[in-house]
Every structure is written in C-alpha cells, then in structure tokens.
Amino acid sequence: MDKKIILKLIIVVVVASIILTIALLLLQTKKDDKASGQNIEHGEFANAEHFVDTYGKTEDNKVDRQAYSDSVNCITQYLKTINVKNDAYYTYDEKGNPVLAIDEEKIKENIYNLLSKNYIAQNQITIQNVYEKVETLEASTLFVPLEIAMVQEKDIKSFAVSGFVEDIQDFHVIGKKTMVVNIDMKNDTFSIEPIKEDVTDIKNIKVNGTETTIEENANNKYISITSNYEETVKDYTNLYKRLALGNPEEMYKLLDKDYKQAKFGSLEKFKQYIETNKAEIIGINPQQYQVTDGENNTKQYVIIDQNGRYYIVREKGVLDYSILLDTYTIDLPEFIEKYNNSTDEQKVLFNIQKFFEAINQKDYAFAYSKLDETFKNTNFGTLAQFEAYMKKNFFSKNKLSVGKTEKQGNLYLYDINISDGEEKEVGTKKKNFVMQLKEGTDFVMSFGI
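Residues numbered from 1 in each chain as written. Predicted model: local features only at pLDDT ≥ 70, side-chain atom pairs only at ≥ 80, totals over all residues. Heavy atoms only, no water.

(A) A look at the pairing of strand β13 (residues 411-420). Counting buried positions along β13 gives 8 out of 10 residues, so the element sits mostly inside the fold. Looking at chain direction, strand β12 (residues 398-408) and β13 are connected through 9 bridges and run antiparallel. Within the sheet, the bridge partner assigned to Gln408 lies in β13 and is Leu411. In this structure, the hairpin formed by β12 and β13 is closed by a connection of 2 residues, where Gly409 is found at a positive phi of approximately 65°. Relative to strand β14 (residues 428-437), β13 is paired through 8 bridges, and the arrangement is antiparallel. Counterpart to Asp415 in the pairing with β14 is Asn432. (Buried < 20%, exposed > 50% of the residue type's maximum accessible area, 1.4 Å probe, protein only. Helix = DSSP H or I, 4+ residues; strand = E, 2+ residues; numbered from the N terminus. Pairing = 2+ DSSP bridges.)

See the structure below:
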C-alpha cells in the first residue's frame, strides 16, 4: 500500500481523539502522578472519587472542602430564610397576585431560629424585633464565597465566610456579606452570626459563645452533601459564572497572572470578553473533567463544558485558586511536553485545534496573529476585516473533521470539513489549510478564501 495512503489512514484514526478530547490528552501526567477523570452525560457526573474524610482544617492549616461545602450550604439556607419575598412564604390568588400564605410572625420565627444563642443575647433579639436587628432580603439570591477561615475548633465548629450576594435573575451584586457559620456535626444543626462591621481579615473574627451543642428546632437542620470532585467542578464553574457576570473586577483578580496579561492585558478588555461571551457563560454546563495532583498539595482541574470550552483551575486550597479560560493563549508545561513528543502531523492537528478554539471563543485577535504575514496583508489588512470574514464564512461554533492531507516541503496542506457545532445549519464547509511549523510551539497558517 502507498505510504501516503497509510499516513492518511493513521491521521484519520487519531484525529477524532486528538481534536475532540485534546484537553484530556494534553494534560496527561507522568506515570507516578495521581489523576481522576470522568465523562458526564446529560449534565450529571458519575462515579466520584471522594475526598479524605476529614472535617475542619487540613494538614496545611486550611479549611477542608467538606467544611467549606457545608458552610456555604448553610449560608444559602439562611439567605432563603431571610428573603421575606420567598416563594415558600406566598401563594397566588385567582388573578395571579401573590398572597402571604403564612403569618408574618412565622417568618420572623424562622429567621430567629437560625441565629446563634450568642448573637441573640449580644444583640437582645426577640422574635418580635428580629426585623429591626437582622438585615432581610426581598429577592432570591446566590451566594458567591470569596474567603473562608476556621475561627473555632471546639465541639461546635465555627467558620467565618465572606462573599457577595447576587440576584439570582441577573447576577447583579446586592452586597457583600460576612457571616460566622456554627456547625454541630453531632446534631446536624447550624446557626448563623451576621457580621455587621467591615472586616479586613476574617481570620481575626472571634467567637465568644460557650455552647457545646446547637439544639434542633424547626429550621436549623442542614443536609451535608458529600464533597467530591464532581461537586468541586460544579462549584468552580458556578464561581466563574457568577463572578464573571456579577463582579468581573473580582473575577479578573482570580485569573492566572501570566494568562491574564497575555489574554487580556486590562480589566476593560476582560469586561468586553464577558459581554461578548455572555450567553455561553450563563449556560456553562461541565461535561468532562480531569484532576491531576501537583506539588505541595496543589491540584489542577481541566474542565470541558458542553460547548467544548476549557477551564483550567489551579488550586492551592479552598478558595485559593487561579483560573485560565482556554488552552491556547499560553502553553501549559504539560502541553509543551506532549507537543514536543508528537509527530509533525499531530502538531499540525494541535495547532488547527488551537486556531478554531480561538474562533469559537470569538478570540479573533489570537487567530489573526497566527496568519502568514503575506496571506494576512493580501486578504485582511486589519483585524476588523478578518473578524467580519470569519463571522460571515464560518459558524458560531465550528466542528472539525479532516479530509485529504499532504506535505509539500516544509508545508502541510490539510482539507478540513467544518460543520455547525450548534446544529443550526445542515451541511459542511470545506476549507484547505496550509501550515508551517515554527520554533517551539509556534506556527503560521493560511487557508483558502
């Protein structure tokens, strides 16, 4: 059989696995690394690897993920309770108007039941005056945690948590809140202590209570959801979505430093990116992930959503992390190692994937920077011209398959069949790509106009 035909068959076999699962392939770790990855169908995760069964602080004196998860769930329950417009408190008349379904004193009692005895005593709170002593809400909300610290390790575990409260409808920030969450693991009960004053360091918050148990009442039971990698993946994608849409300034701080500079360079450009990709960010639904262990108890999560977008989270500890929003802007060490150990044909496929990942994210500047200079100047004098052409001649989400391939000297000619990844349009577009590999992981390319 002709060697060229054999080469083409090999490329066709490997291209699907390389292009469709590139993030997982590129981020394989060395044999002695521990790794966990799952596929997710219909938005649900399967077969979780659970974290070590600890509670409170980890060996490096950080809050463990189970305590974090429980604390945030308790705060979420508290925010629902203090929402005096909560649907659970209302029914509707025949005209569709909301009508209070329970006595208002019962709402006050529900709120009172979630406050710690210490907080009630210090602030002289009664059921009757609870509205005057406790700040309430008038909208359904989301809690976006930024910091957590363990401030008491006795029978009752106490955690100070600081974060933003956002409106569930449009993610706008209602305000910043700091609370102490007291958890009684024996009774599966909790209580809350709102912190009214500004706090510069939540680790310095003092808990003065002398209780050894939190007595159960009608409102203060909590359900502990076992913290595992699936829950962590959901948590990170939700944190990104809520911060990006509601507080991009805070999200910008959490981007990996080198990546942030290479990708955006300024907060204003990041805000433009959020606005351009708003629909995709709102709809984030993680589909695949991989977890790898690094040095000093660090972890790296590679997450792929339903649109094939990648999120790389580098975690030092709970709420101590940085994020990258793609795999092409800067080359990860794992990618460089994989790339260097690949054939030239595989390198071409990696680079084509990079180009289209950028196009799918509407990152036309990156794709433009990879065009051959003569081709660029001849066909697209400006970035704006290139962007207009790509929007007109390609899809919002491009799905690739490889056709005919050929090598001419130091150039690689690939026929790429491109279909609509959103399946809004039937049929494919065929484009011929020409690529030249450069030093390191660099490349230049052109394509048929």
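(B) Region of interest: unusual backbone geometry. Residue Gln124 is not a glycine yet carries a positive backbone phi of 50°. Mapped onto the fold, Gln124 is located in the loop between α5 (117-123) and α6 (130-133). The class of Gln124 is exposed, set by a relative accessible area of 62%. Even without being a glycine, Asp188 presents a positive backbone phi close to 55°. Structurally, Asp188 can be placed in the loop between β6 (173-184) and β7 (189-195). Since its relative accessible area comes to 34%, Asp188 is described here as partly exposed.

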